[in-house]
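Coordinate analysis (summary)
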Amino acid sequence: MRDYLVDVGKTGRILAIALLSLATAILAAGDLLIVVTAADRKAWAEIPGPLIGSGLIFGVLTISSAWMLLRLLRGRRSSSTITMMPVRFIQGLGILYSAAILFVALKGPGWIFAGEGVGFALSATFLPWLLRRRRGGGG
């Protein structure tokens, strides 16, 4: 079985920095576009909910990718010494993703989506347990 938590080396680090820089720029531009659109009274009157939701999602993704980029540039890891993001943040993301998968699956014909996303959701939710197992602390 492949170990996804090994050190990626200098090439992987440079590639991650380049891709995170691109992702941060694209997300920031998208969030700026949403904010400018939301400032238009006509758009605000027609679709306030999706604009607010999209702005919040893009904002969180922009801040997260920028934060990871800064940590990569500084060469720092989280307290788990393995991940770049704090384990609690990843776990919270997994719980939110699980709730979103459940909502989509129950709201409409989204069982295929639920089946595809459940692996990530469970992995992120149970990351602290996976890290303890990796360090030899049992489960």
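Residues numbered from 1 in each chain as written. Predicted model: local features only at pLDDT ≥ 70, side-chain atom pairs only at ≥ 80, totals over all residues. Heavy atoms only, no water.

1. Quick word on the overall build of the protein chain
A tally of helices and strands in the protein chain yields six helices and zero strands. Its helices and strands taken in sequence order, the protein chain reads α-α-α-α-α-α from the N to the C terminus. A fraction of 57% describes how many contacts in the protein chain between residues 6 or more apart in sequence connect residues 24 or more apart. Accessible surface for the protein chain amounts to roughly 10,000 Å². Of this, 70% is attributable to carbon and sulfur atoms. (Helix = DSSP H or I, 4+ residues; strand = E, 2+ residues; numbered from the N terminus. Contact = heavy atoms within 4.5 Å. Areas by Shrake-Rupley, 256 points an atom, 1.4 Å probe, with all protein chains shown as cover.)

2. Brief notes about helix 4 (residues 87-107)
Given a rise of 1.5 Å per residue, 21 residues ought to cover 30 Å, and the 30 Å separating the end C-alpha atoms of helix 4 matches this to within 8%. Those residues of helix 4 that fall on the buried side of the exposure criterion are Val87, Ile90, Gln91, Gly94, Ile101 and Ala105. The buried residues of helix 4 occupy an angular sector of 100° when the element is viewed end-on, so they sit on one face. Those residues of helix 4 that are exposed and aimed more than 90 degrees away from the buried face are Arg88, Leu96, Phe103, Leu106 and Lys107. (Expected span 1.5 Å × (residues − 1). Buried < 20%, exposed > 50% of the residue type's maximum accessible area, 1.4 Å probe, protein only. Arc of directions from axis to C-beta.)

3. Thoughts on the environment of Ala18
Mapped onto the secondary structure, Ala18 falls in helix 1 (residues 9-39). For Ala18 and Leu69, which are 51 residues apart along the polypeptide, the C-alpha to C-alpha distance reads 9.0 Å.

4. Overview of a nonpolar patch on the surface
Together, Val118, Leu122, Phe126, Trp129 and Leu130 line one region of the surface with nonpolar side chains, adding up to about 430 Å² of accessible area. Counting only elements with at least two residues in the nonpolar patch, the list comes to helix 5 (111-125) and helix 6 (127-135). Its location among the elements puts Leu122 in helix 5. Classification of Leu122 by relative accessible area gives partly exposed; the value is 44%. (Patch = residues over 30% accessible without salt bridge, like charges linked within 9 Å, V, L, I, M, F, W, Y side chains within 5 Å. Salt bridge = Lys/Arg side-chain N within 4 Å of Asp/Glu carboxyl O.)

5. Quick word on the side chain of Ser65
Inspection of the secondary structure assignment puts Ser65 in helix 3 (residues 48-74). Owing to a relative accessible area of 5%, Ser65 belongs among the buried residues under this scheme. With residues near it in sequence (within four places) discarded, Ser65 still touches Leu20, Ala23, Thr24 and Leu27.

6. Details of the confidence of the model for the protein chain
Looking at the protein chain, the pLDDT average stands at 78 and 76% of residues meet or exceed 70. Within the protein chain, no element has a lower average pLDDT than helix 2 (residues 41-46), which sits at 69, and none a higher one than helix 1, at 88. (pLDDT = per-residue confidence, 0-100.)

7. Regarding helix 1
Residues spaced three or four apart along an α-helix face the same direction, because each turn holds 3.6 residues. For helix 1, with 31 residues, the first-to-last C-alpha span of 44 Å sits near the 45 Å given by 1.5 Å per residue. When helix 1 is considered as a whole, its buried residues turn out to be Ile17, Leu20, Thr24, Leu27, Gly30, Asp31 and Ile34.

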